[in-house]
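Here is how the chains run, residue by residue.
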Amino acid sequence: CRTVTLVWHSGGIIGNGGFQYLFEGDFHGDPGYRMTAAAYQKIEADEAYAAFRDAFAIFPNGELPGDVNERLRIYLAHPEDRRNAIDDRFFAADDALKRQLSQFIRDNKDALRKFLVDRIAK
């Protein structure tokens, strides 16, 4: 469920305003967005995952600062055309991303169903 949630949630945020929108907030428990990026890799959304790698490469040593203001300062200091190219790479992967996420859900439907049923029972 974490994989599906991270891809769905982050994909919606990036789709609404690029990686800047994602980096303006925090994913509790994933301050550097490493688990989020790994979720894209897990569902084999290679182009979307590559866009994450490109976005991470903007930061020193590929590590995003935990502080939102510092993270945005570094991110926005890079040329807009570079940031837009990263966003465009992610946007271009949208159809494939939807297919890969759908396939991942179908492939893991029993485990997802069990998790959800167990959560409701609590």
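On a predicted model such as this, the values are computed, not experimentally measured, just so you know.

K.L.:
Help me out: how do you make sense of the overall build of the protein in this one?
P.N.:
When helices and strands are tallied, the protein shows seven helices and zero strands. Listing the helices and strands of the protein from first to last along the sequence gives α-α-α-α-α-α-α. Its C-alpha atoms give the protein a radius of gyration of 15 Å, within 12% of the compact-globule value 14 Å for 122 residues. Once the C-alpha set of the protein is aligned to its principal axes, its extents read approximately 45 × 30 × 25 Å. For the protein, the residues scored as buried account for 39% of the 122 residues in total. Here the analysis covers contacts within the protein between residues at least 6 apart in sequence; of these, 68% occur between residues at least 24 apart. About 7,400 Å² of surface is accessible on the protein, with carbon and sulfur atoms providing 51% of the total.

The rules behind the values
- Residues numbered from 1 in each chain as written.
- Predicted model: local features only at pLDDT ≥ 70, side-chain atom pairs only at ≥ 80, totals over all residues.
- Heavy atoms only, no water.
- Helix = DSSP H or I, 4+ residues; strand = E, 2+ residues; numbered from the N terminus.
- Rg over C-alpha atoms; globule rule 2.2 N^0.38 Å.
- Buried < 20%, exposed > 50% of the residue type's maximum accessible area, 1.4 Å probe, protein only.
- Contact = heavy atoms within 4.5 Å.
- Areas by Shrake-Rupley, 256 points an atom, 1.4 Å probe, with all protein chains shown as cover.

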